[in-house]
Amino acid sequence: DSPGARRRYDAPMRLLERDRPLQMLSKLRTEAASGTGRLVFVEGEAGIGKSRLLGAVEARSVAMGFRTIRGLATPEDAAVAAAPFLDLARAMSRTESFAEVGSEVANRLIHIDADQQGDSRRRRRMLVLDLVELLASIATAPTFVALENLTYADDLSLEILAGLAHRLRELPLL
């Protein structure tokens, strides 16, 4: 069960013209379950069913024993550093299995500007490395993490995502 998820897709669903993506994602999910994680981007025009496809993958992941969590970016988030990860962290903090890490990630992102001493590039890099390490720590079991609408992600979010992508080959994370 994923109480932190934005939407639940419990009912079996038939997604038209989605057999190929679902098969590919099923293969990647199997690899992630065995410890080799993957980063997958689903792109397309608004309204073509990306969220529904994501929901189907999430439901099938739960059925395979994955823990799941979602974060979301919105157009209004452009002014907030790492907003998709802050949203993800808040969802994590409401989910028992992710609560401690979620609270720590949220705390670091909320207080991102608190320490203004020293080299700003170094501080930013250390923040990214720390957040990647924290986020990777949730993958103690097969875990499905979804970040929706990354079109609205800022540079810091993309740096965190890139750092996490480098760690995926050793994590049961999709």
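These lines cover the structure that appears in this document, whether it is placed above or below. Just so it is clear, the structure is predicted and the values come from calculations on it, not from any experiment.

A separate point is the overall build of the protein. When helices and strands are tallied, the protein shows six helices and two strands. When its helices and strands are written in sequence order, the protein yields α-α-β-α-α-α-β-α. Residues counted as buried form 42% of the 174 residues belonging to the protein. For the protein, the share of sequence-separated contacts (at least 6 apart) that also reach a separation of at least 24 residues comes to 76%.

Located in the positive-phi region is Ala82, a residue other than glycine, with phi close to 60°. Within the fold, Ala82 resides in the loop between β1 (67-72) and α3 (83-93). On the basis of relative accessibility, which here comes to 0%, the residue Ala82 falls in the buried class. At Asn149, a residue that is not glycine, the phi angle is positive and equals roughly 65°. Looking at the element boundaries, Asn149 is found in the loop between β2 (143-148) and α6 (155-167).

Across the 11 residues of α3, nine count as buried, placing the element largely inside the fold. Taken together, the buried positions of α3 are Ala83, Pro84, Phe85, Leu86, Asp87, Leu88, Ala89, Ala91 and Met92.

Looking now at the pattern of salt bridges. Using the criterion set out here, one finds nine salt bridges in the structure. Among the ionic pairs, Glu58 bridges to Arg70, the shortest N-O distance being 2.9 Å. In this pair, Glu58 sits in helix α2 (residues 50-63) while Arg70 sits in strand β1, placing the two residues 12 residues apart along the sequence. The burial state of Glu58 is the same as that of Arg70; both residues are buried. When the shortest N-O distance is used, the salt bridge between Glu148 and Arg70 registers 2.7 Å. Taken together, the positions of Glu148 in strand β2 and Arg70 in strand β1 put the pair 78 residues apart, joining distant regions of the chain. A relative accessible area of 0% means that Arg70 is categorised as buried. Connected through salt bridges with shared partners, the residues Lys27, Glu31 and Arg38 form a single ionic network.

Moving on, we come to the nonpolar core. Of all hydrophobic cores here, the largest spans 30 residues; its most connected members are Phe85, Met92, Val105, Leu135 and Ile160. Among the secondary structure elements, those contributing two or more residues to this core are α3, α4 (99-110), α5 (120-136) and α6. For this core, the element with the most residues is α5, which contributes seven residues. Dropping the residues within four chain positions of it, Phe85 is found in contact with Val105, Leu109, Leu135, Leu147, Ser157, Ile160 and Leu161. In this structure, Leu25, Leu28, Phe144 and Leu174 belong to the second largest nonpolar core, which totals 12 residues.

Each pair of packed helices can be described by the angle between their axes along with the distance between the axes. For the pair helix α1 (residues 19-33) and α2, interaxial distance at closest approach is 11 Å and the crossing angle is 40°. Put simply, α1 runs oblique to α2. For α1 against α2, the interelement crossing comes out right-handed. In this structure, α1 contributes Pro21, Leu22, Leu25 and Arg29 to the contact, and α2 contributes Leu53, Ala56, Val57, Arg60 and Ser61. Of the residues that constitute the contact of α1 with α2, the class distribution is six nonpolar, one polar and two charged.

The rules behind the values
- Residues numbered from 1 in each chain as written.
- Predicted model: local features only at pLDDT ≥ 70, side-chain atom pairs only at ≥ 80, totals over all residues.
- Heavy atoms only, no water.
- Helix = DSSP H or I, 4+ residues; strand = E, 2+ residues; numbered from the N terminus.
- Buried < 20%, exposed > 50% of the residue type's maximum accessible area, 1.4 Å probe, protein only.
- Contact = heavy atoms within 4.5 Å.
- Salt bridge = Lys/Arg side-chain N within 4 Å of Asp/Glu carboxyl O.
- Core = buried A, V, L, I, M, F, W, Y, C linked by side-chain atoms within 4.5 Å.
- Axes fitted to C-alpha atoms, helices over the stretch in contact; angles between N-to-C directions.
- Parallel < 35°, antiparallel > 145°, perpendicular 65-115°, else oblique.
- Left-handed = near helix turned anticlockwise from the far one by under 90°.
- Nonpolar A, V, L, I, M, F, W, Y, C, P; charged D, E, K, R; others polar.

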